[in-house]
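# Summary of the model geometry
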Amino acid sequence: MSRRATAARGARTIALAAVSATGALLLAACSPTTTTLNYDPSDGVGVSVLGEENRDLRGINLMVVSAAEGEAGNVLGALANQTAEDAAFTLEAPGAAPVTLDVPAGGTVYLGTETGETVALDTVGAAPGEYLDAVLTVGADSKEFQLPVLDGTLPEYAELLPAAAAPSGSPSASPSPSATE
């Protein structure tokens, strides 16, 4: 093979590599970086009430655990207040009494954890596996959302069923008067 043919082959290889690299960069630039997208990482849902980019007052990983439709249910998740003032969050669901919780400025209140607040809905208007129409309100702002209803089928939720529905021999969450006022 001549020197000229070898040089031409090398030039074509370099040109092909440059075109491939440029194409890959263009495709990467057009694709969103999925690790920067907000999503609900568990069984619950997130809901933003207001604020810059709707992230200042929000519910995080919210769900309700209940044995059956029409039974009581425990609310799990968290309420976050990233504003400079204290805020009162009110959760409303059809057939249940509204539940109000105070969240301090810059704070987060966890629901249904050992160190958090126990929040109970007196009646859950949807069967486990369905969604409950709910409204989260802070001040004059509110947001409608679909609150998932789970039961004790999964072991991690079995002990979080309301006391009357908890299987015998397992610990259960009990409503806290201060959390349901």
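Since we're looking at a predicted model, the values are computed, not measured.

### Digging into the overall build of the chain
- Along the chain, the regular secondary structure elements total 2 helices and 9 strands.
- Going from N to C terminus, the chain has its helices and strands arranged as α-β-β-β-β-β-β-β-β-β-α.
- Across the 181 residues in the chain, those meeting the buried criterion constitute 32%.
- Long-range pairs, those at least 24 residues apart, make up 53% of the contacts in the chain between residues at least 6 apart in sequence.
- In the form shown here, the chain has an accessible surface area of approximately 10,700 Å², with 54% of it arising from carbon and sulfur atoms.

### With respect to unusual backbone geometry
- Of note, the phi angle at Asn61 is positive, near 50°, even though the residue is not glycine.
- Locating Asn61 in the fold gives a position in strand 2 (residues 57-66).
- With relative accessibility at 22%, the residue Asn61 sits in the partly exposed group.

### Structural notes on the pairing of strand 4 (residues 87-92)
- Bridging between strand 4 and strand 5 (residues 99-103) involves 5 bridges; their strand directions are antiparallel. Residue pairing for strand 5: Ala87 is matched across the bridge by Val103.
- The antiparallel hairpin formed by strand 4 and strand 5 contains 6 residues in its connecting segment, where Gly95 sits at a positive phi of about 85°.
- In this structure, strand 4 lies alongside strand 8 (residues 131-138), joined through 4 bridges in antiparallel fashion. Residue Phe89 lies in a different strand from strand 8, and its bridge partner there is Val138.

### Regarding the nonpolar core
- Counting 29 residues, the largest nonpolar core has Leu79, Phe89, Leu111, Leu121, Leu132, Leu136 and Phe145 as its most contacted members.
- Among the elements that line this core, the one with the most residues is strand 8, at 4 residues.
- Here Leu121 is in contact with Val64, Ala72, Gly73, Val75, Ala93, Ala96, Ala97, Val99 and Leu132, once residues within four sequence places are set aside.

### A few points about the environment of Val124
- In this fold, Val124 is placed in the loop between strand 7 (119-121) and strand 8.
- We classify Val124 as buried; its relative accessible area is 0%.
- For the pair Val124 and Glu71, spaced 53 residues apart in the sequence, the C-alpha separation amounts to 5.8 Å.

### A look at the pairing of strand 6 (residues 108-111)
- Residues of strand 6 alternate between two faces, with Val109 and Leu111 buried on one and Thr108 and Tyr110 left unburied on the opposite face.
- Note that strand 3 (residues 73-81) and strand 6 share 4 bridges and pair antiparallel. Among the inter-strand pairings, Ala80 is bridged to a residue of strand 6, identified as Thr108.

### Considering the side chain of Asn81
- Relative to the assigned elements, Asn81 resides in strand 3.
- Apart from the residues lying within four places of it in its own chain, the contact partners of Asn81 are Asp56, Leu57, Asp86, Ala87, Phe89, Val103, Pro104, Ala105, Gly106 and Gly107.

### Overview of the confidence of the model for the chain
- The pLDDT averaged across the chain works out to 83; a share of 84% of its residues lies at or above 70.
- Ranking the helices and strands of the chain by mean pLDDT puts strand 4 first, with 96, and helix 1 (residues 3-30) last, with 78.
- Taken together, the stretch residues 164-181 has pLDDT below 50 and engages in 32 contacts with residues farther than four places along the chain or on a different chain.

Calculation rules
- Residue numbering note: each chain is counted from 1, following its sequence as written.
- For a predicted model such as this one, the threshold for reporting local features is a pLDDT of at least 70, and the threshold for listing and counting side-chain atom pairs is 80 or more; totals across whole chains, interfaces and linings nevertheless cover every residue.
- To obtain the side-chain values, all non-hydrogen atoms of the structure were used and water was disregarded.
- Per the convention used, a helix needs a DSSP run of H or I reaching at least four residues, while a strand needs a run of E reaching at least two, with both numbered from the N terminus.
- Think of it in three bands: with a 1.4 Å probe and only protein chains considered, a residue is buried below 20% of the maximum accessible area for its type, exposed above 50%, and partly exposed in between.
- Contacts are residue-level and defined by heavy atoms, with any inter-residue pair within 4.5 Å sufficient.
- Per-residue and other accessible areas were derived by the Shrake-Rupley procedure at a 1.4 Å probe size, with only the shown protein chains allowed to occlude residues.
- Being paired, for any two strands, means DSSP has found at least two bridges between them.
- In these notes, a set of buried Ala, Val, Leu, Ile, Met, Phe, Trp, Tyr and Cys residues joined through side-chain atoms within 4.5 Å is what counts as a nonpolar core.
- Think of pLDDT as the predictor's per-residue confidence, scored from 0 to 100.

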